[in-house]
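Each chain, written out:
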Amino acid sequence: MELKSRIPSGPIEKRWDQHRFDMKLVNPANKRKYQIIVVGSGLAGASASASMAELGYNVKCFCFQDSPRRAHSIAAQGGINAGKNYQNDGDSIFRLFYDTVKGGDFRSRESNVYRLAQISVSIIDQCVAQGVPFAREYSGMLANRSFGGAQVSRTFYARGQTGQQLLLGAYQALLRQVASGRIKMFPRTEMLDLIVIDGKARGIVTRNLLTGKVESHLADSVVLGTGGYGNVFYLSTNAKGSNCTAIWRAYKRGAALANPCFTQIHPTCIPVSGEYQSKLTLMSESLRNDGRIWVPSKKGDTRRPDQIPEDERDYYLERKYPSFGNLVPRDVASRNAKQVCDEGRGVGEGGLGVYLDFADAIKRLGKQGIRERYSNLIEMYERITGENPYEVPMRIYPAIHYTMGGLWVDYNLMTTVPGLYTIGEANFSDHGANRLGASALMQGLADGYFILPYTIGDYLSSARLERVEASHAAVLDAEAGVTKQTRRMLEIRGKRTVTSFHRELGKLLWDDCGMGRTAAGLQKALKRVPELREEFWKNVNVLGSGEELNQALENAGRVADFLEFGELMCLDALQRNESCGGHFREEFQTPDGEALRDDANYSYVAAWEYAGPGKQPVLNKEPLTFDYVHPAQRSYK
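A short tour of the structure in this document, coming up.

What counts and how
- Residues numbered from 1 in each chain as written.
- Predicted model: local features only at pLDDT ≥ 70, side-chain atom pairs only at ≥ 80, totals over all residues.
- Heavy atoms only, no water.
- Helix = DSSP H or I, 4+ residues; strand = E, 2+ residues; numbered from the N terminus.
- Buried < 20%, exposed > 50% of the residue type's maximum accessible area, 1.4 Å probe, protein only.
- Contact = heavy atoms within 4.5 Å.
- Areas by Shrake-Rupley, 256 points an atom, 1.4 Å probe, with all protein chains shown as cover.
- Lys, Arg positive; Asp, Glu negative; His and termini not counted.
- Charge placed at Lys NZ, Arg CZ, Asp CG, Glu CD.
- Expected span 1.5 Å × (residues − 1).
- Phe/Tyr/Trp six-rings, centres within 6.5 Å; stacked < 30°, edge-to-face > 60°.
- Lys NZ or Arg CZ within 6 Å of the ring centre and 35° of its normal.

Another point: the overall build of the protein chain. Within the protein chain, the regular secondary structure consists of 16 helices and 19 strands. With respect to the three principal axes, the spread of C-alpha positions in the protein chain is 75 × 60 × 50 Å. Counting over 637 residues, the protein chain shows a buried share of 61%. Pairs at least 24 apart in sequence give 73% of the contacts found in the protein chain among residues at least 6 apart. Taken as a whole, the protein chain presents about 24300 Å² of accessible surface, with 49% of it coming from carbon and sulfur. With 80 positive and 72 negative side-chain charges, the protein chain shows a spacing of 3 Å between the two charge centroids.

Across its 13 residues, helix α9 (residues 330–342) extends 18 Å between first and last C-alpha, which sits within 8% of the 18 Å expected from 1.5 Å per residue. Turning to α9, its buried residues are R330, D331, V332, A333, S334, R335, N336, A337, V340 and C341. Its buried side turned inward, α9 meets β11 (263–269), β12 (292–296), α8 (316–320), β14 (354–357) and β15 (394–403). Just past α9, the residue G344 takes up positive phi, approximately 90 degrees.

This structure, assessed with the given rule, holds 21 aromatic pairs. Considering the side-chain rings of F134 and F156, the 6.2 Å spacing of their centres and the 65 degrees angle between planes classify their relative orientation as edge-to-face. Taken together, the residues F134 in the loop between α5 (110–130) and β4 (155–156) and F156 in strand β4 connect sequence positions 22 residues apart. Exposure remark for F134: the relative accessible area of 6% places this residue in the buried category. An angle of 85 degrees between the planes, with centres 5.3 Å apart, marks the rings of F536 and W537 as edge-to-face. Residue classification places F536 among the buried residues on the basis of a relative accessible area of 0%. Taking the relative accessible area as the measure of exposure, W537 reaches 16% and is therefore buried. Members of the aromatic cluster, connected to one another through ring pairs, are Y229, W248, Y251, F565 and Y610. A cation over an aromatic ring shows up here: R292 above the ring of Y315, its NZ or CZ 3.9 Å from the ring centre. Over the face of the ring belonging to W294 we find R313, whose NZ or CZ atom lies 4.1 Å from the ring centre.

Pasting the structure below:
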């Protein structure tokens, strides 16, 4: 497999503009001749669908939810970054670029990240024009707050509902094009295979989740905007439906999968409270602007927080990282929370928690000031825990949140399968080994509104796309494969539930491929995951039939893919003998416990190629070069 990144040459600040000029165009009349499939209707999928339809393309948009408004993008809370320097505090496009490359621990492409920083300023203007109700200062100017990994305030927000408000903006743009007839929407429909003809992506096979009907949809290009794979860990902050099926089926059709071991642990989540839980709840990173994080100084101190005097508290992030304090990047904050809990200084039941305390901020701003910034988050926390954060500190602990790995894409967002594009969290492109907070929404909208609508035209104008009929052998073969797997799962009638397999897989990966990883643990997981997968295909019990609404069947297909994907994730983590960002191999750390990179041997994107059933995947490497932000040991002190 040859990885052609198509990164433009020249000064980095001019590359995207020059590249847009150099790309071939499709004239307005010809756009109406092309059919594009978009899988996923979150921020990336909805914005891409709306933008391409507005240009004149015919678009089919698919989502497994009952409405695009229920895409997981709605759950994003804290904000969206942009290098506008509204606060006049030294921010710039270059500083946003610098912070993002450094925050990703120098494992991302410079050119992609700089383009993202450039486009960020246009995203805010676009969203304001759509009516997104960003917070404003008394003067009427848009407000900003700080997020981890930055010393400036560049995060635009709408209380703790930023993702919801941005998604409503993209949704109304999407529905406008549905009403115009240029987009046909397919809700409650799941992609189960990619159709590849003559080496090009030409369609997808889907299952109607209400009727069970399997059918094919053909197009000139396919776009995946299906989110991340964090639910492979079972417990995560993701919506329960989020899965890796679309990118995994594309991987098995020839799309390289990049850096699957790069998963993000979010430091600000409500701790696990019992075995019955099926997901975790995120508390926005924005809370770290005003909340101070601490634990008791003494091991085993079980006193109530109000009984622990100031001189017996350890504000460990402020102590260790005086320059950034509580606003260090997510991987650093998470690792330190784990460390103090491992020392026996954690709080709450089981000792797996740290305090996030608003007492000082309430003295400074008053309860009303905190309520104006975070009221919906505080109300959500109180409903779940029964504790009032205005009176007692929140308890938080790290949890699986975002995934930086995904399908490998070039500068144009195209995968190794011509005609197959991947956008948003489903690709690997911008965040390296750790994503800075408030950058997910930025990337999803940049890809959908401002990058893909340009780059897809370059492909369509130059590719030779013969007409494909539903009777084509490749189409029938893909449909038959989906039908066969569905029938196979329903016929097993074993003794274990799908959830029991998923829960066991998730705990295994959290223990051995989570916040801390070792060669021994990864080797143990690589032995156990195939055994668990084999048992799944012999002993899983999926009730019902395939010709009806059957959520057990939906879940079984997704868990089957997780059982394969989890093995690749561990393999990727084992071969990367270094620590970087969220990938923390305990054998590779500095004397003071920070991630220790090996730039000489691992400054590359690991792009895995499917080699066939039962065969070891092939590792391809895209070297990473740094001409503007030179790799160094990250320091937030």
